[in-house]
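Okay, here's what each chain looks like letter by letter:
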Amino acid sequence: MSTINLAFRRFWQSETGPRTVHFWAPTLKWGLVVAGLSDVSRPVEKVSGAQNLSLLATALIWTRWSFVIKPRNILLASVNSFLGLTAGYHIVRIANHRIRNGDSMSQTFKYIIHGEHRRDASNLKDVQVITQ
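In this convention, every chain numbers its residues from 1, walking through the sequence in written order. The predicted origin of the model limits local features to residues at a pLDDT of at least 70 and limits the giving and counting of side-chain atom pairs to 80 or more, whereas totals for whole chains, interfaces and linings rest on all residues. As a convention, hydrogens and water are excluded, and side-chain values are obtained from all of the structure's heavy atoms.

- Within an unreviewed UniProt entry, the label attached to the chain reads Mitochondrial pyruvate carrier, and the organism entered is Naumovozyma castellii.
- What UniProt records for the chain under Subcellular location (unreviewed entry) is the sentence "Mitochondrion inner membrane".
- UniProt positions are given in the numbering used here, feature names are shortened, and annotations may be inferred rather than shown by experiment. Reading the Function (unreviewed entry) entry of the UniProt record for the chain gives the comment "Mediates the uptake of pyruvate into mitochondria."

## Here's the deal with the nonpolar core
Next, step 1: Nonpolar cores were defined as sets of buried Ala, Val, Leu, Ile, Met, Phe, Trp, Tyr and Cys residues, with membership established by side-chain atoms within 4.5 Å. When accessible area is computed with a 1.4 Å probe and restricted to protein chains, residues below 20% of their type maximum are described as buried, those above 50% as exposed, and intermediate ones as partly exposed. Judged by nonpolar contacts, Val44, Val47, Ile91, Ile94, Ala95, Tyr111 and Ile112 together constitute the single largest core of seven residues.
Next, step 2: Membership of the second largest hydrophobic core comes to six residues, among which are Ala59, Val79, Leu83 and Ala87.

## So, the packing of aromatic side chains
Next, step 1: Pairing of aromatic side chains requires ring centres within 6.5 Å, counting the rings of Phe and Tyr and the six-membered ring of Trp. Pairs whose planes differ by under 30 degrees are stacked, by over 60 edge-to-face, and all others tilted. Under the defined criterion, the tally for this structure stands at two aromatic pairs.
Next, step 2: On the basis of an interplanar angle of 90° and a centroid distance of 4.8 Å, the ring pair of Phe23 and Trp24 is categorised as edge-to-face.
Next, step 3: Given a relative accessible area of 15%, Phe23 falls into the buried group.
Next, step 4: Trp24 sits in the partly exposed class, given a relative accessible area of 42%.
Next, step 5: Ring plane angle 45° and centroid distance 5.5 Å describe the contact between Trp30 and Phe82, whose orientation is recorded as tilted.

## So, the pattern of salt bridges
A pair can form between side chains of opposite charge whenever their charged atoms are brought close.
Next, step 1: One side-chain nitrogen of Lys or Arg within 4 Å of one carboxyl oxygen of Asp or Glu is enough to make a salt bridge. Taken as a whole, this structure holds two salt bridges when the rule is applied.
Next, step 2: Between Arg42 and Asp39 there is a salt bridge; the shortest N-O distance is 3.6 Å.
Next, step 3: Since its relative accessible area comes to 16%, Asp39 is described here as buried.
Next, step 4: Asp103 serves as the salt-bridge partner of Arg98, at 2.7 Å between the closest nitrogen and oxygen. Just as Arg98 is buried, Asp103 falls in that class too.

## Observations regarding the packing of helix H4 (residues 74–100) against helix H5 (residues 105–114)
Next, step 1: The interhelical angle for the contact between H4 and H5, taken along N-to-C directions, is 135°, at an axis separation of 10 Å. Here H5 runs oblique to H4, going by the angle between their axes. The crossing of H4 and H5 is right-handed. Contacts between H4 and H5 involve Ile91, Ile94, Ala95, Arg98 and Ile99 on the former and, on the latter, Met105, Thr108, Tyr111 and Ile112.
Next, step 2: Partitioning the contact of H4 with H5 into residue classes produces seven nonpolar, one polar and one charged. Geometry is summarised by axes, namely lines fitted to C-alpha atoms with helices restricted to the contacting stretch, and by angles between N-to-C directions that run from 0 to 180 degrees. Segments assigned H or I by DSSP are reported as helices when at least four residues long, segments assigned E as strands when at least two residues long, and all are numbered from the N terminus. Note on terminology: angles under 35 degrees are roughly parallel, angles over 145 are roughly antiparallel, angles of 65 to 115 are roughly perpendicular, and the others are oblique. Definitions for this section: a left-handed crossing has its near helix turned counterclockwise from the far helix by less than a right angle. A right-handed crossing has that turn clockwise. Contact between two residues is taken to exist if any of their heavy atoms lie within 4.5 Å; hydrogens are not considered. Under the convention adopted here, Pro, Cys and the residues Ala, Val, Leu, Ile, Met, Phe, Trp and Tyr are nonpolar, Asp, Glu, Lys and Arg are charged, and Gly plus all remaining residues are polar.

The structure is reproduced here in structure tokens:
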């Protein structure tokens with residue numbers, strides 16, 4: 001048997017090979033990393049701080065967990081590491097933009113967690129009409 005055949009057979013029969021969820025879940029999760037990388041070209045005002053904060057938290061938790069579980073899942077660790085880097089980059093990007101535009105650190109943290117709250121004049125009119 002050739003070396004390539006042996007390597008493929010070992011990969012196919014592995015505890016984290018393509019016949020298990022340990023392979024497919026991290027493989028499909030790369031889609032989140034690609035989506036985050038495509039957000040680099042979006043205006044910073046259109047990037048969600050709360051979403052990227054949750055992606056960062058998830059990435060940190062699952063990166064650690066991938067080394068605790070048996071079998072150790074390096075593919076899961078790698079995708080979550082890249083997801084964390086991507087989400088962290090966007091959070092820094094949002095923070096830099098807000099601070100450059102005059103927000104304090106406190107306002108920046110509130111914006112990242114809650115987003116921007118705007119009052120819409122049309123909604124206020126609707127509420128006034130209903131209460132009269």
